[in-house]
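So you can see what is in the structure, the chains are spelled out below.
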Amino acid sequence: MPAKSRVKKLRVAVTGASGSIGRLALPKLLASEQVESVLALDLSEPDLEHAKLRFAAVDLSRSSAVGDLTRALKESEIGCVVHLAFFSKPVRDSAFAHEVEAVGTGKVLTACAAAGIKALVMSSSTFVYGAEPTHPNFLTEDRPLVPHPQSRFVADRIEAEVQVRAFRKSHPALRSVVLRFAPIVGPSVDTPITRYLGGPVAPMALGHDPLVQCVHEDDVAEALLLSVLSNKRGDFNICGRGVLPLSTVLHLCGARPLPLPLPLATAALKALNALGITAVPPRLIDYLRYLWVADGQKAERELHFRPRHSTREAILSFAQARGSAGAA
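Conventions we followed
- Residues numbered from 1 in each chain as written.
- Predicted model: local features only at pLDDT ≥ 70, side-chain atom pairs only at ≥ 80, totals over all residues.
- Heavy atoms only, no water.
- Phe/Tyr/Trp six-rings, centres within 6.5 Å; stacked < 30°, edge-to-face > 60°.
- Buried < 20%, exposed > 50% of the residue type's maximum accessible area, 1.4 Å probe, protein only.
- Lys NZ or Arg CZ within 6 Å of the ring centre and 35° of its normal.
- Core = buried A, V, L, I, M, F, W, Y, C linked by side-chain atoms within 4.5 Å.
- Contact = heavy atoms within 4.5 Å.
- Axes fitted to C-alpha atoms, helices over the stretch in contact; angles between N-to-C directions.
- Helix = DSSP H or I, 4+ residues; strand = E, 2+ residues; numbered from the N terminus.
- Left-handed = near helix turned anticlockwise from the far one by under 90°.
- Nonpolar A, V, L, I, M, F, W, Y, C, P; charged D, E, K, R; others polar.
- Pairing = 2+ DSSP bridges.

Draft legend 1. Structural detail: the packing of aromatic side chains. Going through the model one piece at a time under the given rule, you end up with five aromatic pairs. On the numbers, 4.8 Å between centres and 85° between planes, the contact of Tyr287 with Trp292 is edge-to-face. For Trp292, a relative accessible area of 12% corresponds to the buried category. By way of ring pairs, the aromatic residues Phe127, Phe153, Tyr287 and Trp292 are connected into one cluster. We note Arg157 situated over the ring of Phe153; from NZ or CZ to the ring centre the distance is 4.1 Å. The ring of Phe236 carries Lys298 above its face, with NZ or CZ at 4.8 Å from the centroid.

Dropping the structure here:
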């Protein structure tokens, strides 16, 4: 009987490997029998030891980044790049953030082309849909992205997506996937929504109680692995099942709501942020007013991604880890 042919395993590189989502992705990728090795690309080495893990220092803000990336990808014979080099929260130096996230994405794409990479998986956010009073109940992936010039945090993600979209047309042989994650919560992640829910008070827009959708950190890692191993391409919403009113989310987390009148909301948020009481960027106030719930059916249908945690379960996992859960 002839010997079974050896299945070729995948070599994966992860940019932003030491970041919030990178720390979720690495253990999942390393545990997969279909992944031969993982190359972590970041300024600092991940706090993780594994026989399949390698590290190369890369700074996307430097002019040498394309050459550094290309060299590292070629030397490790990488087949798929997972691009996660995005800040988990708005940063004060917006020019630096733009250089890393928007300009940096262009450098990653250039390096992928030069190194002959076969697949690219990039993280994004449902923030890119904007928060609008005219939104339908569920936003599908073909919904136009809403420019947000007032928020560099959102604008840079949209610019990164636009670059990937153009790259798909100019490099059709490279399979590219963009995962738009709903707000990520769980016992270990540090994200905008966990900082919002974990503060002593949680600002709300007076007279508004929008529906909230989240995704659990474990489901984020699962979606990334499925995208790496899949042969699918395109944009996918990754979200937990179900939605909750914002007021219910605050109750589950034991957070004290602070309703702010809209005419005073921007000034009030600036003052609260300066005092360290809250961490809500005033320019994102519309996300506390209007609907921005994503439809996850495409990911379920094409990637076979089925979230293990609902929005309620994801919120409760965060609240229980903090010891702050309200009555469920």
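Anyway, onward from the coordinates.
Draft legend 2. Spotlight on the nonpolar core. Counting residues in each nonpolar core, the largest one holds 37 residues, and the members touching the most others are Val14, Leu29, Val82, Leu179, Phe181, Leu224 and Ile238. Contact partners of Ile238, with chain neighbours within four places excluded, come to Leu179, Arg180, Phe181, Ala182, Val215, Ala223, Ala299 and Phe305. In this structure, Leu69, Phe86, Ile117 and Ala160 belong to the second largest nonpolar core, which totals 27 residues.

Draft legend 3. The packing of helix 7 (residues 246-253) against helix 10 (residues 311-322), seen in detail. Packing of helix 7 against helix 10 leaves a shortest axis separation of 9 Å and a crossing angle of 35°. Helix 7 and helix 10 meet at a crossing whose hand is right-handed. Contacts between helix 7 and helix 10 involve Thr248, Val249, Leu252 and Cys253 on the former and, on the latter, Arg312, Ile315, Leu316, Phe318 and Ala319. Broken down by class, the residue content of the contact of helix 7 with helix 10 amounts to seven nonpolar, one polar and one charged.

Draft legend 4. View of the pairing of strand 6 (residues 175-181). Taken across its seven residues, strand 6 has seven buried, putting it largely inside the fold. Residues Arg175, Val177, Leu179 and Phe181 line one face of strand 6 and the alternating positions Ser176, Val178 and Arg180 line the opposite face, and both faces are buried. Here strand 5 (residues 119-125) runs beside strand 6; their pairing, made up of seven bridges, is parallel. Looking across to strand 6, one finds that Ala119 is bridged to Arg175. When strand 6 meets strand 11 (residues 234-238), the two strands line up parallel, connected through five bridges.

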